[in-house]
Amino acid sequence: QVQLVESGGGLVQAGGSLRLSCAASGRTFSSYTMGWFRRTPGKGREFVAVISTNGVSTRYAESVKGRFTLSRDNAKSTLYLQMNRLKLEDTAVYYCNAVNHLASSNPIFGSWGPGTQVTVSS
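These numbers were taken from a predicted model, which means no experiment stands behind them.

Q: Got a minute to help me understand the pairing of strand β8 (residues 78–83) in this structure?
A: If a strand is regular, its side chains alternate between the two faces of the sheet. Extensive coverage of β8 is indicated by the burial of five of its six residues. Taken together, the six bridges between strand β3 (residues 18–24) and β8 define a ladder with antiparallel strand orientation. The partner of A23 across the bridge, within β8, is T78. Pairing of strand β7 (residues 68–73) with β8 involves six bridges; the strand directions are antiparallel. When the bridges of β8 are listed, D73 appears paired with T78.

Q: What is the right way to look at the pattern of salt bridges in this model?
A: Once the charged atoms of two side chains with opposite charge are near each other, the side chains can pair. Counted by the stated rule, this structure contains four salt bridges. Across the pair E46 and R38 runs a salt bridge whose closest N-O atoms are separated by 2.8 Å. Since its relative accessible area comes to 3%, R38 is described here as buried. D90 is the partner of R67 in a salt bridge, and the nearest nitrogen-oxygen pair spans 2.7 Å. With R67 in the loop between β6 (58–60) and β7 and D90 in the loop between β8 and β9 (92–99), this pair connects stretches of sequence that are 23 residues apart. In terms of burial, R67 and D90 fall into one category: buried. Because the salt bridges share partners, they merge into one network encompassing R38, E46, R67 and D90.

Cut-off values and rules
- Residues numbered from 1 in each chain as written.
- Predicted model: local features only at pLDDT ≥ 70, side-chain atom pairs only at ≥ 80, totals over all residues.
- Heavy atoms only, no water.
- Buried < 20%, exposed > 50% of the residue type's maximum accessible area, 1.4 Å probe, protein only.
- Helix = DSSP H or I, 4+ residues; strand = E, 2+ residues; numbered from the N terminus.
- Pairing = 2+ DSSP bridges.
- Salt bridge = Lys/Arg side-chain N within 4 Å of Asp/Glu carboxyl O.

So far we have only geometry, and geometry alone does not tell us how the molecule works.
And the structure:
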C-alpha cells in the first residue's frame, strides 16, 4: 500500500487560490487512479476529483467543476489539486486516496494520510 501525505492547505479569502499536494511513498503510485476527498463535520466525507493513472483523464464533483484542477507527476509520485475561486463551502480537511477507476468515488486505501486543512474566510 502507498503511504500518502497531504500538504498545501491554509487560510485564504473567498475568491483566492491554493494548491494542494499529496506525496506518495512507494514505487507503485503511477499504477493507481488517484482522487481527492474532503471532510467536514457537517457533511462527512465528500468526493472532490479523480485522475487517471496517466493523468490524461479527470472527473470532478459538480461543486468544484470549473474551479479545481487535478494533476499528477508520476515521476515525483505526487498528486496536485489547484483550487481557484475558493468559496466558503470549500472549507474542509482535504485528503488523497486511490480509487478503483475513474468512474469510482470510493477510496480503496483503508489508511488515510493526515490531511491538510483548507479554511476559506469571507
